Amino acid sequence: MNSTLKNKTTSKKQKNKLRLKLSIIFISFFIFKAIISDWEHFKAGLFGSF
């Protein structure tokens with residue numbers, strides 16, 4: 001059984017994809033954090049009642 005080592009370096013395209021994923025996760029975390037921390041106002045805005 002022969003095993004070959006894969007190249008461990010990441011290309012520029014892979015780094016850009018990783019940065020994009022991390023930035024989306026970071027931004028979505030803050031959006032959900034704001035929604036959850038202000039849940040009563042968010043729910044009132046959705047259903048139109050205070």
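Since this is a predicted model, take the numbers as computed values, not measurements.

**Some thoughts on the overall build of the protein**
Step number 1: For the protein, the helix and strand inventory stands at two helices and zero strands.
Step number 2: For the protein, the residues scored as buried account for 2% of the 50 residues in total.
Step number 3: As presented, the protein carries roughly 5400 Å² of accessible surface, and 67% of it is formed by carbon and sulfur atoms.

**A few points about the packing of aromatic side chains**
Step number 1: This model, assessed by the stated rule, comprises two aromatic pairs.
Step number 2: With 4.9 Å between their ring centres and 80 degrees between their planes, F26 and F30 make a pair best called edge-to-face. Within this pair, F26 and its partner F30 are both found in helix α1 (residues 12-37), separated by four residues, close to a single helical turn.
Step number 3: The partly exposed category is assigned to F30, whose relative accessible area is 40%.
Step number 4: A centroid spacing of 5.3 Å and a plane angle of 70 degrees characterise the contact between F29 and F30, whose relative ring orientation is edge-to-face.
Step number 5: The exposure class assigned to F29 is partly exposed, which follows from its relative accessible area of 49%.
Step number 6: An aromatic cluster of at least three residues, connected via ring pairs, comprises F26, F29 and F30.

Criteria and cut-off values
- Here the residue index of a chain counts from 1 through its sequence in written order.
- Confidence filtering applies because this is a predicted model: local features only for residues at pLDDT of at least 70, side-chain atom pairs given and counted only at 80 or more, and all residues used for totals across whole chains, interfaces and linings.
- Values shown for side chains rest on all heavy atoms present in the structure; no hydrogens or waters enter the calculation.
- The helix and strand labels rest on DSSP assignments: H or I over at least four residues marks a helix, E over at least two residues marks a strand, and numbering proceeds from the N terminus.
- Relative accessibility thresholds used throughout: buried, under 20% of the residue-type maximum; exposed, over 50%; partly exposed, between the two (1.4 Å probe, protein chains only).
- In short, Shrake-Rupley with a 1.4 Å probe defines the accessible areas, and a residue's cover is counted only from the protein chains shown.
- Two rings belonging to Phe, Tyr or Trp (six-membered ring only in the last case) form a pair when the distance between their centres is within 6.5 Å. Interplanar angles under 30 degrees mark stacking, angles over 60 mark edge-to-face geometry, and anything in between is tilted.

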